Amino acid sequence: MLDPIFLIVIGVVVIVVLIMALLNRYRRCPSDKILVVYGTTGMRGSAKCVHGGGTFVWPIIQDYAYLSLTPIGIDANLTNALSRQNIRVDVPCRFTVGISTEPDSMLAAAERLLGLQSSQIQEMARDILFGQLRLVIATMSIEELNSDRDKFLEAITANVEVELKKIGLRLINVNVTDIKDESGYIEALGQEAAAKAINEAKVRVAEQEKVGEIGKAEAVRETRIRTAEANAQAVRGENEAKIEIANSEANRREREAEAQRKAIAAEKVAQAQALEEAYAAEQKAEDARADRDRASQNANVIVAQEIEKRRLVLAAEAEAEQKRVNAKGEADAIYAKMEAEAKGLYEILTKQADGYDRMIKAAGGDATKAYTLLLLEKLPELVKTQVEAIKGINIDKVTVWDGGAGNANGQTSTANFLAGLMKSVPPLNDLFDQAGMALPEYLAKKKSEDKPEDKPVEKSEKK
């Protein structure tokens with residue numbers, strides 16, 4: 001008879017083994033896969049699909065497999081597809097598909113794709129894609145295929161997804177590259193679009209160039225205005241600086257003159273003091289001499305003469321020194337006066353040159369026109385000078401012996417005399433020619449038709 005304890009141990013071992021076996025049948029589903037449990041699944045259909053999490057797989061009556069969710073790339077280079085305009089086109093496309101995680105789509109994928117290799121799934125999807133792609137192209141024109149890519153892709157997505165869903169797939173992405181046609185229609189459309197874009201670009205470039213020229217002109221105008229304002233400010237500053245310099249120069253000359261005056265006064269005071277000291281010394285010498293004369297009535301005459309001579313020499317030297325000092329003062333005063341006159345003349349010539357320069361600028365930079373304007377201002381003085389040339393001639397009486405006969409020009413002696421007298425006064429035009437200049441055209445023009453003819457003098461005074 002078996003020991004009850006042994007039976008209990010065997011029972012526990014069996015229970016543990018069963019629990020381990022059951023736990024070993026629990027399957028977890030990775031996030032990139034779909035767990036398909038098939039076998040006895042109750043009323044849920046032919047399979048049970050789990051995405052994420054896990055489920056228990058009963059032994060013997062159930063089994064499991066995995067469907068990969070890795071996207072599959074499919075090249076669908078469709079050629080000779082008819083468009084709505086009956087033009088054959090080549091549409092190279094690349095589709096990206098994958099198994100859908102929707103409940104109905106997972107069940108369809110489990111029923112139709114479980115156990116297939118990736119290449120087999122790719123071929124199956126390619127057949128569906130080719131058919132739907134041809135169907136979409138047949139409903140669209142070449143212009144829509146070439147220009148309205150969004151509409152083309154939406155039509156592909158709408159038709160392809162319905163068919164792919166039947167086998168548990170879904171469309172992830174579609175990429176359509178260059179579409180070509182055998183007749184060159186798309187290329188012509190491209191050339192037309194390119195020409196249109198080029199023309200529009202040329203118009204925009206012209207508009208921008210116009211805007212640039214306008215901006216450039218405005219910038220030049222602004223630059224000229226700012227430059228003129230800056231030049232005006234610079235000239236105003238220069239004039240103010242010149243005024244300050246002139247005032248400073250005047251103050252300097254005034255202070256120099258004051259210093260010169262003080263120096264001359266100091267020199268004269270010093271000279272007066274020197275003379276006073278000399279006179280005092282001379283007085284002392286005279287007093288000493290008188291004392292000595294009084295002390296000795298028999299003083300030597302020669303000694304007296306030498307004393308007198310010395311006195312005269314000292315007086316002459318003092319007088320000469322005084323004359324030299326006076327002459328130096330006068331020379332300094334003359335020099336200061338001449339220097340002041342030279343500076344004044346320099347200021348006058350400077351202002352006059354500045355005026356001439358402004359007059360030349362006002363005449364447009366033509367110096368000849370400026371000189372003409374100056375001469376026009378002096379014209380009354382020149383005419384007055386011509387009149388004064390013969391005004392002082394005192395002719396008391398003119399006696400002309402005229403026989404009445406004319407010369408080769410038909411003029412009498414009296415007419416020749418008067419003409420020569422008038423020609424002795426230099427014409428205004430000759431004065432300008434001698435000065436190396438020319439009168440304005442409206443002053444120098446001669447009208448031959450208005451020149452009066454000389455008529456012979458019929459009467460003459462005979463003596």
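Residues numbered from 1 in each chain as written. Predicted model: local features only at pLDDT ≥ 70, side-chain atom pairs only at ≥ 80, totals over all residues. Heavy atoms only, no water.

Turning our eyes to something else, we now look at the overall build of the protein. Across its full length, the protein holds 11 helices and 9 strands. Put simply, the protein has 463 residues, and 18% of those count as buried. Taking as baseline every contact in the protein between residues at least 6 positions apart, the subset at least 24 positions apart corresponds to 67%. Here the protein has roughly 33,700 Å² of accessible surface; of this, 57% comes from carbon and sulfur atoms. (Helix = DSSP H or I, 4+ residues; strand = E, 2+ residues; numbered from the N terminus. Buried < 20%, exposed > 50% of the residue type's maximum accessible area, 1.4 Å probe, protein only. Contact = heavy atoms within 4.5 Å. Areas by Shrake-Rupley, 256 points an atom, 1.4 Å probe, with all protein chains shown as cover.)

The next subject is the pattern of salt bridges. Enumeration over the complete set of coordinates arrives at 20 salt bridges. Across the salt bridge formed by arginine 226 and glutamate 229, the nearest N and O atoms sit 3.8 Å from each other. Of the two residues, arginine 226 and glutamate 229 both sit in helix α6 (residues 185-295), 3 residues apart, roughly one turn of that helix. For arginine 226, a relative accessible area of 46% puts it in the partly exposed group. We note a salt bridge from arginine 253 to glutamate 249, for which the minimum N-O separation is 4.0 Å. With arginine 253 and glutamate 249 both in helix α6 and 4 residues apart, this pair spans about one turn of that helix. Classification of arginine 253 as partly exposed rests on a relative accessible area of 32%. (Salt bridge = Lys/Arg side-chain N within 4 Å of Asp/Glu carboxyl O.)

With that out of the way, let us pick up the sheet that holds strand β2 (residues 33-39). The strand order across the open sheet built from 3 strands is β3-β2-β5, with neighbouring strands paired in antiparallel fashion. Edge strands, defined here as strands with exactly one partner in the open sheet, are β3 (47-50) and β5 (62-68). Between one strand axis and the next, the sheet turns through 25° on average, direction left out of account. Sheet strands in contact with helix α2 (residues 103-112) are β2, β3 and β5, and its direction is about 125° off that of β3. (Pairing = 2+ DSSP bridges. Axes fitted to C-alpha atoms, helices over the stretch in contact; angles between N-to-C directions.)

The space that makes up the second largest pocket amounts to roughly 460 Å³. Taken together, 17 residues form the lining of the second largest pocket, with Ala278, Glu282, Arg311, Leu314 and Ala315 sitting closest to its centre. Those elements that provide at least two residues to the lining of the second largest pocket are α6 and α7 (301-362). The residue inventory of the lining of the second largest pocket, partitioned by class, reads 9 nonpolar, 1 polar and 7 charged. (1 Å grid on protein atoms, 1.4 Å probe; cavity = no way out; pocket = protein on both sides within 12 Å on 5 of 7 lines; lining within 4 Å. Points joined across faces, edges and corners; volume = space filled by probe spheres on them. Nonpolar A, V, L, I, M, F, W, Y, C, P; charged D, E, K, R; others polar.)

Judged by nonpolar contacts, the single largest core of 41 residues is most densely connected at Phe95, Ile137, Phe152, Ile156 and Leu164. With 7 residues, helix α3 (residues 118-138) is the single largest residue contributor to this core. Sequence-distant contacts of leucine 164, defined by excluding residues within four places in its chain, comprise Val97, Ala125, Ile128, Leu129, Leu169, Arg170 and Leu171. Residues Cys29, Val37, Val50 and Val57 belong to the second largest nonpolar core, which totals 5 residues. (Core = buried A, V, L, I, M, F, W, Y, C linked by side-chain atoms within 4.5 Å.)

Attention now goes to the side chain of serine 105. One can find serine 105 in helix α2. With sequence-adjacent residues up to four places away left out, serine 105 is seen in contact with Ser100, Lys165 and Gly168.

Scanning all chains against the criterion turns up 1 aromatic pair. Taken together, a centroid distance of 5.9 Å and an interplanar angle of 80° make the contact between tyrosine 64 and tyrosine 66 edge-to-face. Residue tyrosine 66 is classed as partly exposed on the basis of its relative accessible area, which comes to 32%. (Phe/Tyr/Trp six-rings, centres within 6.5 Å; stacked < 30°, edge-to-face > 60°.)

With that settled, consider the environment of threonine 55. Its place among the elements puts threonine 55 in strand β4 (residues 54-56). Along the backbone, threonine 55 and arginine 27 are 28 residues apart, and their C-alpha atoms lie at a distance of 5.6 Å. Beyond its immediate chain neighbours, meaning those up to four positions away, threonine 55 contacts Arg25, Tyr26, Arg27, Leu35, Val37, Lys48 and Val50. A polar contact is formed between the side chain of threonine 55 and the side chain of lysine 48, at a distance of 2.8 Å. (Polar contact = N/O pair within 3.5 Å; in protein donor to acceptor, adjacent residues only side chain to side chain.)

Before going further, it helps to examine the environment of glutamate 163. Examined against the element boundaries, glutamate 163 turns out to sit in helix α5 (residues 149-165). A relative accessible area of 24% places glutamate 163 in the partly exposed class. Ignoring anything within four residues of it in the chain, the contact list for glutamate 163 reads Ile128 and Gln132.

The next subject is α3. For α3, spanning 21 residues, the distance from its first C-alpha to its last is 30 Å, which sits close to the expected 30 Å at 1.5 Å a residue. Regarding α3, the residues found buried are Ile121, Ala125, Arg126, Ile128, Leu129, Gln132, Leu133, Val136 and Ile137. Along its buried surface, α3 packs onto β6 (72-82), β7 (88-99), α4 (142-147), α5 and β8 (169-176). (Expected span 1.5 Å × (residues − 1).)

Turning next to the confidence of the model for the protein. Across the protein, the average pLDDT comes to 77, with 76% of residues at 70 or higher. Scored below 50 in pLDDT, residues 446-463 shows 18 contacts in the model against residues more than four places distant or in partner chains. (pLDDT = per-residue confidence, 0-100.)

Before going further, it helps to examine α5. The end-to-end C-alpha distance of α5, which contains 17 residues, comes to 24 Å, matching closely the 24 Å that a straight helix rising 1.5 Å per residue would cover. Listed as buried for α5 are Phe152, Ile156, Val160 and Leu164. Around the axis of α5, the buried residues are gathered within 70° of arc, so they sit on the same side. Turned more than 90 degrees off the buried face of α5, the exposed positions are Asp150 and Glu154. Elements in contact with the buried residues of α5: β7, α3, α4 and β8. (Arc of directions from axis to C-beta.)

What follows is about the pairing of β7. For a regular strand, the rule is simple: side chains alternate between the two faces of the sheet. Note that β6 and β7 share 9 bridges and pair antiparallel. Bridged to alanine 81 within β7 is valine 89. Taking the residues that link successive antiparallel strands as the turn, the β6-β7 hairpin has 5 residues, and the phi of asparagine 86 there is positive, at about 60°.

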